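Inside the fold
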Amino acid sequence: MFTGIVEELGEVVAIVPGEESSRITVRGAVTTNEAAHGASIAVNGACLTVTDHEPQGGEVTFDVMAESLRRSALGDLVVGDAVNLERAMVLGARLDGHLVQGHVDGTATILERRPGDAWEEVRLSLAPELAPFVVDKGSICLDGVSLTLTRVGDDHVEVALIPTTLQLTTLGRKGVGDRVNVEVDVLGKYVQRLFTLDTKDPR
């Protein structure tokens, strides 16, 4: 589990594509400091498992399967790209964002950016299948960043980015047309599942 509070901006230093997977190596001094084989790190909001660790260089490598590449924007990454990194949360620590699983539900495309005095409003596309899981003033995770929805439409959502988010995450660097990973609030998914179950069927 994660919180959606980005710990640092890492850098993609290597990508080795395979037929149905990719090996991605990321450098990040903070999040890789205590990394070990099998550890979980959220990369742009996608929970990935460390398969190789180079502590001296501050680098970790992940095997990204076809399902993750298909469902997320990880396949858009190129060497040199910045990525949002967060280690798995520690039980008992403060939950400053919201409960994030690192299970990407899909992607959204940035449609518009509107600068304000000290913040920026961003409008993004929303896939129809994700629309039932977002509510005004609810939580959403975009590229691993926990955000509050400021407006919700039938085919789009809007968020407001404070200066800290603009400076310390990839969301300050993304432009119109760029894709971001989306994870909706897991509570909404469970509620929707309960309402769609056939309670008359004991199976």
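Just so we're clear, the structure is a prediction, and the values are computed from it rather than from any experiment.

Glancing now at a nonpolar patch on the surface. Taken together, the side chains of Met-1, Leu-95 and Leu-99 present a nonpolar region at the surface, about 260 Å² in accessible area. Structurally, Leu-99 can be placed in the loop between β6 (82-87) and β7 (106-115). Note on Leu-99: relative accessible area 40%, which makes it partly exposed.

Once that is clear, we can look at the UniProt feature "repeat: Lumazine-binding" (unreviewed entry) in the protein. According to UniProt, the feature "repeat: Lumazine-binding" (unreviewed entry) maps to residues 1-98 and 99-195 in the numbering used here. Between the end C-alpha atoms of residues 1-98 the distance is 10 Å, and the span holds 6% helix and 44% strand.

All told, the structure shown has 16 salt bridges when counted by the stated rule. Across the salt bridge formed by Glu-59 and Arg-27, the nearest N and O atoms sit 2.9 Å from each other. With Glu-59 in strand β5 (residues 59-65) and Arg-27 in strand β2 (residues 21-27), the pair connects residues that are 32 residues apart, well separated along the chain. Exposure remark for Arg-27: the relative accessible area of 36% places this residue in the partly exposed category.

This next bit is on unusual backbone geometry. Residue Asn-44 is not a glycine yet carries a positive backbone phi of 50°. Its location among the elements puts Asn-44 in the loop between β3 (40-43) and β4 (46-54). Phi is positive for Asp-143, which is not a glycine, with a value near 50°. Taking the relative accessible area as the measure of exposure, Asp-143 reaches 1% and is therefore buried.

Our next topic: the sheet that holds β4. The strand order around the closed barrel formed by six strands is β1-β2-β5-β4-β3-β6, and the pairing between neighbours is antiparallel. Sheet twist, expressed as the mean angle between neighbouring strand axes with direction ignored, is 45°. Judged from the four bridges that link them, β3 and β4 form a sheet pairing that is antiparallel. Bridge assignment links Ser-40 to a residue of β4, and that residue is Thr-49.

The pairing of strands in a sheet comes from backbone hydrogen bonds and takes either a parallel or an antiparallel form. Strand order in the closed barrel made by the six strands is β7-β8-β11-β10-β9-β12, with antiparallel pairing throughout. The sheet shows a mean angle of 45° between the axes of neighbouring strands, direction not considered. With five bridges joining them, β7 and strand β8 (residues 120-125) adopt antiparallel strand pairing. By the bridge assignment for β8, Glu-112 is matched with Arg-123.

A word on the pairing of β3. What sits between β3 and β4 in their antiparallel hairpin is a turn of two residues, with Asn-44 showing a positive phi close to 50°. Pairing of β3 with β6 involves three bridges; the strand directions are antiparallel. From the neighbouring strand, Ala-42 faces β6, where its bridge partner is Glu-86.

For the rest of this paragraph, the subject is the nonpolar core. The biggest cluster of nonpolar side chains holds 21 residues, and the ones touching the most others in it are Leu-124, Ile-140, Leu-142, Leu-147 and Val-159. Listing elements by their share of this core, those giving two or more residues are β7, β8, β9 (139-142), β10 (145-152), β11 (156-161) and β12 (179-184). Grouped together as the second largest cluster of nonpolar side chains are 17 residues, Ile-24, Leu-77, Leu-85 and Val-104 included.

The rules we used
- Residues numbered from 1 in each chain as written.
- Predicted model: local features only at pLDDT ≥ 70, side-chain atom pairs only at ≥ 80, totals over all residues.
- Heavy atoms only, no water.
- Patch = residues over 30% accessible without salt bridge, like charges linked within 9 Å, V, L, I, M, F, W, Y side chains within 5 Å.
- Areas by Shrake-Rupley, 256 points an atom, 1.4 Å probe, with all protein chains shown as cover.
- Salt bridge = Lys/Arg side-chain N within 4 Å of Asp/Glu carboxyl O.
- Helix = DSSP H or I, 4+ residues; strand = E, 2+ residues; numbered from the N terminus.
- Buried < 20%, exposed > 50% of the residue type's maximum accessible area, 1.4 Å probe, protein only.
- UniProt positions renumbered as here; feature names shortened; annotations may be inferred.
- Pairing = 2+ DSSP bridges.
- Axes fitted to C-alpha atoms, helices over the stretch in contact; angles between N-to-C directions.
- Core = buried A, V, L, I, M, F, W, Y, C linked by side-chain atoms within 4.5 Å.

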